[in-house]
Every structure is written in structure tokens, then in C-alpha cells.
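# Summary of structural features
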Amino acid sequence: MPAAKYMLVFTEQYNRRAARFLKRHPDLRQHYLKTLQLLEANPAHPSLRLHPLQGKHQGMHSVSIKLSYRIALELLIQDRQIIPVNVGDHGAVY
């Protein structure tokens, strides 16, 4: 029996950030949507390159959309919830 999927929980603030990101990078829309689908199905999938963040972002994680673009996340694993916080290039997210 496959493990239950995770649930993505989007905040209004994140939705605004994602809309701005996709407006600036329409060519990344398919990569972005695929990343979200994969994240919901299996956050540990190797292509996401999930890793914990350090410093002021400690307690959060990051996944890759493509090598230069990331989504910063709060992971509430016990509730199987994933809350995206920010999306953008490495400099914008961190």
C-alpha cells in the first residue's frame, strides 16, 4: 500500500510571490508545476534536492525547480503538510 501523499498548503502571501515569479519566468511554469506535484507525492525524491536551510532560515527547507531556482518551504512532516514560503532564484529566496 503506497504511503499517503503530502498536502501542499498555500498562503495568500506565497500565492502572490508565486504569481510574480511566474510572470517574470513564464518559461519555468511547467518546471514549477512539476516540482509542486513531485513535492506533494514524494518530498524526498532526489530530483528535488530537498535540503535544510541554515542561518536566518533555519527550520525551513529548500527544493530546486531548476538549478538556479528554488522554493523555500516549511515542512510540517507530522501532519504531512508542506507550506511553501517563497519561490525565486537563489538570491531572492535566501
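Structure first, text after, so check above.
These figures come from a predicted structure and were not determined experimentally.

Along the polypeptide, S64 turns up in strand 3 (residues 61-66). Looking at S64, the relative accessible area reads 4%, which means it is buried. When near neighbours in sequence (up to four residues on either side) are disregarded, S64 contacts T35, S47, L48, R49, Y69 and R70.

Within the element layout of this structure, N15 appears in helix 1 (residues 12-24). Using a relative accessible area of 40% as the deciding quantity, one classes N15 as partly exposed. Between the C-alpha atom of N15 and that of V85, which follows or precedes it by 70 residues, the distance is 9.1 Å.

For the rest of this paragraph, the subject is the packing of aromatic side chains. Inspection of every chain in the model, using the stated rule, returns three aromatic pairs. Arranged with centres 6.4 Å apart and planes meeting at 50°, the rings of F21 and Y32 form a pair that is tilted. Residue F21 is found in helix 1, and its partner Y32 is found in helix 2 (residues 29-41); the two are separated by 11 residues along the sequence. Given the relative accessible area of 5%, Y32 is considered buried. Judged by centre distance (5.7 Å) and plane angle (65°), the rings of F21 and Y69 are edge-to-face. Here F21, found in helix 1, pairs with Y69, found in strand 4 (residues 69-76); they are 48 residues apart in sequence, far enough to count as distant. Residues F21 and Y69 agree in their burial class; the two are buried. One aromatic cluster is present, formed by F21, Y32 and Y69 through successive ring pairs. The ring of Y6 carries R80 above its face, with NZ or CZ at 4.1 Å from the centroid.

What counts, and where the lines are drawn
- Residues numbered from 1 in each chain as written.
- Predicted model: local features only at pLDDT ≥ 70, side-chain atom pairs only at ≥ 80, totals over all residues.
- Heavy atoms only, no water.
- Helix = DSSP H or I, 4+ residues; strand = E, 2+ residues; numbered from the N terminus.
- Buried < 20%, exposed > 50% of the residue type's maximum accessible area, 1.4 Å probe, protein only.
- Contact = heavy atoms within 4.5 Å.
- Phe/Tyr/Trp six-rings, centres within 6.5 Å; stacked < 30°, edge-to-face > 60°.
- Lys NZ or Arg CZ within 6 Å of the ring centre and 35° of its normal.

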